[in-house]
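Below, each chain spelled out in residue letters.
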Amino acid sequence: MLPLEFILTDAHFVIALMAALACFATCWLYLDAWTGDRDTKDLLKWVGFGVLAIGMVVTATEVEPSFLGQTLLGNLDSLGMLLRLAGYAILAAGLAMDPLQPVPEIHLDEELQKEGIEDAPAPVAAVPAASEAKPVPVHAHHAAHHAKHKGHKHGHGFGAVILGGLNTLLPLAAGAVTYLYWRRAYPGLERHLKPVMRAFAWFTAFELVDLSTLARGTSDPRLQSVVAPFGPLWSLAHILLAVAAVILGLWVWQYLTKRVQTQLFMVITTACMVIFLVTTVSFTFLLMSRVQTQAFSSLETTAKVLNTSIAAQQAEAVSDAEVAAEDPAVAAAVTARDHTGLSAHLSNFLTTKKLSSLVITNESGQVLLRAEDPANWGDSLSSDTQVARALVGKGTSGLVSAEGTLAPRLVMRATTPLRDSQGLIVGTVAAAFTIDNAFVDGLQRTTGLASAMYSGPTRVATTLLSPDGTSRLVGVKETNTAVTNAVLTHGKTWSGLATIGSRSYLAVYAPLRDADNAPVGMLFVGEPQVLLLQAAGRSIELTFLIAVALLIVAVYPVHRISKSLAEQLH
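Residues numbered from 1 in each chain as written. Predicted model: local features only at pLDDT ≥ 70, side-chain atom pairs only at ≥ 80, totals over all residues. Heavy atoms only, no water.

J.: Requested: an account of the overall build of the protein chain, with residues and values cited.
T.: Looking only at helices and strands, the protein chain has 20 helices and ten strands in total. Buried positions account for 47% of the 570 residues belonging to the protein chain. Look at the contacts in the protein chain between residues 6 or more apart in sequence, and 66% of them connect residues 24 or more apart. Accessible surface, the protein chain as shown: approximately 26,300 Å² in total, 61% of it carbon and sulfur. (Helix = DSSP H or I, 4+ residues; strand = E, 2+ residues; numbered from the N terminus. Buried < 20%, exposed > 50% of the residue type's maximum accessible area, 1.4 Å probe, protein only. Contact = heavy atoms within 4.5 Å. Areas by Shrake-Rupley, 256 points an atom, 1.4 Å probe, with all protein chains shown as cover.)

Structure below.
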């Protein structure tokens, strides 16, 4: 399954371009109205919508820094906010310059009576004809409506305000444009502008929710999870933006389709945008799938290499056990039940061989020496599988799960028979390495990947740190039943997305086996998902930029084609 962050990034691109298309269509509508009378207020409206459309295009190409890291073009967020804010300001100026239509004081029944018509219909208050019948005035009102598109962050100065105060000013700017459209739709009786007013109300809500980005630096974990990129408020903001774009787009579409050339132009432009969107999203989907597949393949290869490293550790344990077993002095001391002599003779064996444990037993399985704890001896290990096999002449080695103080321990142990000078088995020698944090640290230095070892389902050694950045995430049981069933029950390798310590990883879990080849634990290797996203993010960002550039370039030839087709139809 692809990461949710990738899907949401593509959704952001699509939604922002939808808003840009709605703004561009409204800009075209006002431009059409302006070409008739060259009125300044209409000029400001279509220019404002044009700037707003460009601002939304820039917003579409933005990729969350948490997803991508450093962007190719620097911080586009400030540029997008500045353009949108400039669009709001220009639109607001155009709306403010446009006076409201006067409320009619003469009713239709009075006019009919003056003309001598006796059977007039019931009195109905007159609505300005311009608001319902004449397309040019309607175009002018359209532009006013779209002016409210999206109040971005603007301030009184173009330096510090852009960096610090744009976010807080955007909802105010969007709200101001919303009010201006409400004023025209209700007191001004321009009822056709009601959808425009509603659309900008959604834009205002979007800008308000988008203020959550200011709280992303909070140290409160509960608030941090709510305002995080791709979190609940991020998703809500994009839903609000999508609703606003749909309402505005549906409103402007009914007017643009009144003329053949404009209709052709918008239809072809929309078709081009849909083609670019489908192509871009499909390409990024395939790109992400490819990157993820390669990442899992690399992790599985690394897991196999690490299992080979563990096998090498196993061979070393077997070699160390055989070295001790082949020492005649050890066999003589075991035959004589000489605990003191064994302890003195093997006092430096652990440190020399870097073992964590060395256990010597006699022919009945009684412990004669624990080199790591010389005072603890005399108990019986006759029921231990490896010891029992060694006493009948069969050396064995493998991982075993041992009890620990706070958590189980995973131990690589090799047990070999101990023979006297006549070749008779007089005891056993067991050499062991504990798989600890130092072992996985070495794996991380070699591979650069996070790793962990599990005894059964319990993590006993890991490079993963807790949120405090100091303590290790050990002693924690794996709760993902898909992982434990696949690895511990069926002995298969599992790969997928895993959450460890509130962080997502591309993970591979491979079985660790005992002397009987049965799963006794798990090996984990993983790569933070964010690294994969950032690796693919640059290509995705570049794809977005190219798609937008091609879409902008296509506008002019689409205009020429639509004009030519319209002339042929006439």
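Alright, that's what it looks like, and here's the rest.
J.: Tell me about the nonpolar core, and please be specific about residues and values.
T.: Counting residues in each nonpolar core, the largest one holds 117 residues, and the members touching the most others are Y181 and M453. By residue number, the principal contributor to this core is helix α13 (residues 260-325), which donates 17 residues. One finds L473, A486, V487 and A498 within the second-largest nonpolar core, a separate group that totals 16 residues. (Core = buried A, V, L, I, M, F, W, Y, C linked by side-chain atoms within 4.5 Å.)

J.: Describe the environment of V323, listing the residues and the values that go with them.
T.: With respect to the helices, strands and loops of the structure, V323 is situated in helix α13. Residue V323 is classed as partly exposed on the basis of its relative accessible area, which comes to 38%. Sequence-wise, V323 and T416 are 93 residues apart; in three dimensions their C-alpha atoms are separated by 10.0 Å.

J.: Help me get a handle on the side chain of D320, residues and values and all.
T.: In this structure, D320 sits in helix α13. As a buried residue without a salt bridge, D320 has its nearest oppositely charged side chain in K353, at a separation of 4.1 Å. Residues contacting D320, with those up to four places away along its chain left out, are F349, K353, L355, A431 and F433. (Lys, Arg positive; Asp, Glu negative; His and termini not counted. Salt bridge = Lys/Arg side-chain N within 4 Å of Asp/Glu carboxyl O.)

J.: Requested: an account of the sheet that holds strand β6 (residues 450-455), with residues and values cited.
T.: What holds strands together in a sheet is hydrogen bonding between their backbones, with the strands either parallel or antiparallel. One open sheet accounts for five strands, arranged β7-β6-β10-β9-β8; its pairing is antiparallel. If you trace the sheet from one side to the other, it starts and ends with β7 (458-462) and β8 (494-500), each paired once. Geometrically, the sheet is characterised by an average inter-axis angle of 35° between neighbouring strands, direction not taken into account. In this structure, β6 lies alongside strand β10 (residues 519-528), joined through six bridges in antiparallel fashion. Of the residues in β10, the one forming a bridge with S455 is G521. Lying on the sheet, helix α18 (residues 437-447) is in contact with β6 and β7; it crosses β6 at an angle near 145°. Together, β8, β9 (503-513) and β10 form the strand contacts of helix α19 (residues 481-489), whose direction differs from that of β10 by roughly 130°. (Pairing = 2+ DSSP bridges. Axes fitted to C-alpha atoms, helices over the stretch in contact; angles between N-to-C directions.)

J.: Break down the pairing of β10 for me, citing the residues and quoting the values.
T.: Where burial is concerned, most of β10 is hidden: eight out of the ten residues are buried. Direction of pairing for β9 relative to β10: antiparallel, over a ladder of nine bridges. Residue pairing in the sheet places V508 in a bridge with V525 of β10.

J.: Hey, could you go over the environment of T447 for me, with residue numbers and the actual values?
T.: Tracing the sequence through the fold places T447 in helix α18. The class of T447 is partly exposed, set by a relative accessible area of 30%. The sequence separation of T447 and L299 amounts to 148 residues, and the corresponding C-alpha distance is 9.8 Å. With near-sequence residues (within four places) excluded, T447 lies in contact with T302 and L306.

J.: I'd like to hear about helix α14 (residues 328-335), residue by residue, with values.
T.: Among the residues making up α14, those that are buried are V330, A331, A333 and V334. Projected down its long axis, α14 shows its buried positions confined to an angular sector of 165°, all on one face. One side-chain oxygen at the N-terminal end of α14 lies 3.0 Å from the backbone nitrogen of A329; it belongs to D327. Two residues or fewer after α14 comes R337, characterised by a positive phi angle close to 55°. (Arc of directions from axis to C-beta. Polar contact = N/O pair within 3.5 Å; in protein donor to acceptor, adjacent residues only side chain to side chain.)

J.: Account for the pairing of strand β4 (residues 409-419), with residues named and values stated.
T.: For β4, the tally of buried residues reaches nine of eleven residues, placing the bulk of the element in the interior. Pairing between strand β3 (residues 396-402) and β4: seven bridges, direction antiparallel. Among the inter-strand pairings, S397 is bridged to a residue of β4, identified as A414. Here nine bridges tie β4 to strand β5 (residues 425-434), and the two strands are oriented antiparallel to one another. Directly across from A414, in β5, lies its bridge partner A431. If you look at the hairpin formed by β4 and β5, you'll find five residues sitting between the two strands, and G423 has a positive phi there, around 90°.

J.: Describe the pattern of salt bridges, listing the residues and the values that go with them.
T.: This structure, assessed with the given rule, holds ten salt bridges. As a salt-bridge pair, R84 and E207 come within 3.2 Å of each other at their nearest N and O atoms. Separated by 123 residues along the polypeptide, R84 in helix α4 (residues 76-97) and E207 in helix α10 (residues 194-210) bring together distant segments of the chain. In terms of burial, R84 and E207 fall into one category: buried. Connected via shared salt-bridge partners are K45, D98, R184 and E190.

J.: Give a detailed account of the packing of helix α9 (residues 166-185) against α10, specifying residues and quantitative values.
T.: Where α9 meets α10, the axes come as close as 8 Å, and the angle between the chain directions of the two elements is 165°. Considering their axes alone, α9 and α10 lie roughly antiparallel with respect to each other. Read as a crossing pair, α9 and α10 show a hand that is left-handed. In contact with N167, L170, P171, A174, G175, V177, T178, Y181, W182 and A185 of α9, α10 contributes K194, V196, M197, F200, A201, T204, E207, L208 and D210. Residues of the contact of α9 with α10, tallied by class, amount to twelve nonpolar, four polar and three charged. (Parallel < 35°, antiparallel > 145°, perpendicular 65-115°, else oblique. Left-handed = near helix turned anticlockwise from the far one by under 90°. Nonpolar A, V, L, I, M, F, W, Y, C, P; charged D, E, K, R; others polar.)

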